[in-house]
Amino acid sequence: MRREREESYIDYSMIFIILFLLAFGLIMLYSTSSYEANLDFGDSAYYFKHQLIPSLMGLAGMVVLSYIPYKIYYRLAMPIYMVAAALLVAIIPFGKTVNGAKRWIIIKGVSIQPAEVAKVAAIIFTATMIIKLKKNLTTGKGFLTALAFPAVLAGMVYTITRNLSSAIIIMGITVVMLFISTPGYRMYIAVALALAAFVAALVVIIANSNQTSGMNYRFERVLAWLDPQAHASGKGFQTLQALYAIGSGGIFGKGLGESMQKMGFIPEAQNDMIFSIICEELGLFGAIAVMLMFLLLIWRLMVVANNAPDMFGALLVIGVMGHIAIQVILNIAVVTNTIPNTGITLPFISYGGSAVIIQLAEIGIALNVARNIGRE
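The following paragraphs examine the structure supplied in this document. Once a new chain begins, its residue numbering starts again from 1 and follows that chain's sequence as written. Reporting of local features is limited, given that this is a predicted model, to residues whose pLDDT is at least 70; pairs of side-chain atoms are given and counted only at 80 or more, and all residues count toward the totals for whole chains, interfaces and linings. Only hydrogens and water are set aside when side-chain values are computed; all heavy atoms of the structure are taken into account.

## Examining the overall build of the protein
Moving on, step 1. Check the secondary structure of the protein and you find twelve helices and three strands.
Moving on, step 2. Since a compact globule built from 376 residues should have a radius of gyration of about 21 Å, the 21 Å found for the protein is in line with a globular shape.
Moving on, step 3. Along the first, second and third principal axes, the C-alpha set of the protein runs to 75 × 45 × 45 Å.
Moving on, step 4. Taking all 376 residues of the protein together, 48% fall into the buried category.
Moving on, step 5. Residue pairs at least 24 apart in sequence account for 71% of intrachain contacts in the protein once pairs closer than 6 positions are excluded.
Moving on, step 6. Note that accessible areas follow from Shrake-Rupley with a 1.4 Å probe, and for residues the cover is restricted to the protein chains shown. As presented, the protein carries roughly 18600 Å² of accessible surface, and 67% of it is formed by carbon and sulfur atoms. In this text, helices come from DSSP runs of H or I with a minimum length of four residues, and strands from runs of E with a minimum of two, each type numbered from the N-terminal end. In this setup the radius of gyration rests on C-alpha atoms only. A globule is expected at 2.2 Å times the number of residues raised to 0.38. Exposure categories follow from relative accessible area, calculated using a 1.4 Å probe and restricted to protein chains: below 20% of the type maximum is buried, above 50% is exposed, and the middle band is partly exposed. Every residue pair with non-hydrogen atoms within 4.5 Å of one another is taken to be in contact.

Structure representation (structure tokens):
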């Protein structure tokens, strides 16, 4: 008897984009952090080495996850959700404080940021809830049920780690997945308009406030966003230095490794503000090239989602796409002072071991969905 050979679809374009972003990220990380690393640790490659190992681990995890059938996550959604919640709770007694923020836990010498685990848990759990609720998702009760569990994770991230940006990203991922899954846009448009009106009113109130002493530091960031030069010695310092870096880069940049703003002017430039150093060293050309690579990645994820074998696979890929898209948009918006400054990293490029491992794990899940395209 002849057995028909099963063929799997491998998205080489997505793999190439990921490898390019990782390699480019490591090069830019070394260029951005070498001066500070040499001053602080006596090793210019300190941050590079600490990012290289998680990147290789993440690539290995991506390959492994690309072979694990994605349908298994449907049964593991609740355990994954509970693990994410448990890791967040573990921060309270066992958390490690870095730069005044208690957001990490150390497990056998390995630093883990539970907020990153919560993001992938939100993707898997929301996809599972959407499939289970089906037509009930169009009712108010069903919609709120699907929204409630990720909202709990987001609330835990904010209250325990004081990480508002990660909480916003978790809710953003959830809303994107629900938006794609439910017919009709009126409710979303109404909510978006109401939220925009609330934010605008809040900004006006903060801007007209005469009292700045004792103000919430997030409100101070709003004032620094509105007028960074007036807060040049405070909350507006990092933003101003980033804008100087972007402006001085010109069209083609100063050249790789030639940045001046990384010489202690931009605090922690290898984290949230690495895009400003890309602009300074590689210019507008380099910045557009990076944005185009992210657009290509999002496009490939969209192609995989549109051709997924089932709704669950499509939702997983949409969640991954939403996560990357939201984080890229917010990071670039912060660096260019389009929105108030908040701690959001640039996927695959900014320094952060937990983040790159989780992001590559998500790509591994998307690649497994792609493998099953065309199979019955």
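## Quick look at the nonpolar core
Moving on, step 1. Ranked by size, the top nonpolar core spans 99 residues in total, and within it L297, F348 and I363 carry the most contacts.
Moving on, step 2. Apart from the residues within four sequence positions on either side, L297 is in contact with M14, I17, I18, L21, I324, F348 and I363. To qualify as a nonpolar core, a set must consist of buried Ala, Val, Leu, Ile, Met, Phe, Trp, Tyr and Cys residues joined through side-chain atoms within 4.5 Å.

## Notes on the packing of aromatic side chains
The relation between two aromatic rings is expressed through the spacing of the ring centres and the mutual angle of the planes.
Moving on, step 1. Only the six-membered ring of Trp is used, alongside the rings of Phe and Tyr, when aromatic pairs are assigned; centres must lie within 6.5 Å, and planes under 30 degrees apart are stacked while those over 60 apart are edge-to-face, with the rest tilted. Taken as a whole, this structure holds 14 aromatic pairs when the rule is applied.
Moving on, step 2. A ring pair is formed by Y30 and F48, whose centres lie 6.0 Å apart and whose planes are at 80 degrees; its orientation type is edge-to-face. In this pair, Y30 sits in helix 1 (residues 12-41) while F48 sits in helix 2 (residues 46-65), placing the two residues 18 residues apart along the sequence.
Moving on, step 3. Under the relative-accessibility criterion, F48 is labelled partly exposed at 25%.

## Structural notes on the environment of H50
Moving on, step 1. With respect to the element layout, H50 can be found in helix 2.
Moving on, step 2. When the C-alpha positions of H50 and G353 are compared, they lie 7.5 Å apart, and in sequence the two are 303 residues distant.
Moving on, step 3. Engagement of the side chain of H50 in a polar contact is seen with the backbone oxygen of Y46, the distance being 2.9 Å. Each polar contact in these results corresponds to two N or O atoms within 3.5 Å; when the atoms are within protein, one needs to be able to donate a hydrogen and the other to accept it, and residues that are neighboring in sequence are counted only if both atoms are side-chain atoms.

## Some thoughts on the pattern of salt bridges
Moving on, step 1. Here, a salt bridge means any side-chain nitrogen of Lys or Arg that lies within 4 Å of a carboxyl oxygen of Asp or Glu. Under the counting rule described, the total for this entry stands at six salt bridges.
Moving on, step 2. Across the pair D310 and K71 runs a salt bridge whose closest N-O atoms are separated by 3.8 Å. Pair noted here: D310 is in the loop between helix 10 (274-306) and helix 11 (311-335) and K71 is in the loop between helix 2 and helix 3 (72-94), with a separation of 239 residues, a long-range link.
Moving on, step 3. For D310, a relative accessible area of 24% gives the class partly exposed.
Moving on, step 4. The shortest N-O distance in the salt bridge between E116 and K119 comes to 3.2 Å. In this pair, E116 and K119 both sit in helix 4 (residues 114-133), three residues apart, roughly one turn of the helix. The pair E116 / K119 is uniform in exposure class, with both members buried.

## Notes on the sheet that holds strand 1 (residues 95-98)
Moving on, step 1. Read across the sheet, three strands follow the order 1-2-3 without closing on themselves; strand pairing throughout is antiparallel. Two strands lie at the open edges of the sheet, namely strand 1 and strand 3 (110-112), each paired on one side alone. Each adjacent strand pair in this sheet contributes to an overall mean axis angle of 45 degrees, direction not counted.
Moving on, step 2. At least two DSSP bridges between two strands are needed for those strands to be called paired. Pairing analysis gives three bridges linking strand 2 (residues 101-107) to strand 3, with the strands arranged antiparallel. Note on strand 3: the bridge partner recorded for I106 is S111. Lines are fitted to the C-alpha atoms to define the axes, a helix being fitted only along its stretch in contact, and any angle between axes, read from their N-to-C directions, falls within 0 to 180 degrees.

## Thoughts on a nonpolar patch on the surface
Moving on, step 1. Nonpolar side chains (Val, Leu, Ile, Met, Phe, Trp, Tyr) within 5 Å and like charges within 9 Å form the patches, drawn only from residues with over 30% relative accessible area and no salt bridge. On the surface, a cluster of nonpolar side chains totalling about 810 Å² of accessible area is made up of I251, F252, L284, F285, I288, M291, L292 and L295.
Moving on, step 2. On the basis of relative accessible area, F252 is assigned to the exposed category, the value being 61%.

## A short note on the pairing of strand 1
In summary, the side chains of a regular strand alternate between the two faces of the sheet.
Moving on, step 1. Where strand 1 meets strand 2, four bridges bridge the pair, whose relative direction is antiparallel. When the sheet's bridge partners are listed, G95 is paired in strand 2 with I105.
Moving on, step 2. Between strand 1 and strand 2, which pair antiparallel in sequence order, lie two residues; one of them, N99, sits at a positive phi of approximately 55 degrees.

## Some words on the side chain of N341
Moving on, step 1. Examined against the element boundaries, N341 turns out to sit in the loop between helix 11 and helix 12 (353-371).
Moving on, step 2. In this structure the side chain of N341 is engaged in a polar contact, spanning 3.0 Å, whose partner is the side chain of Q238.
Moving on, step 3. Once residues lying within four places of it in the same chain are set aside, the contact partners of N341 are R221, Q238, T239, M273 and V334.

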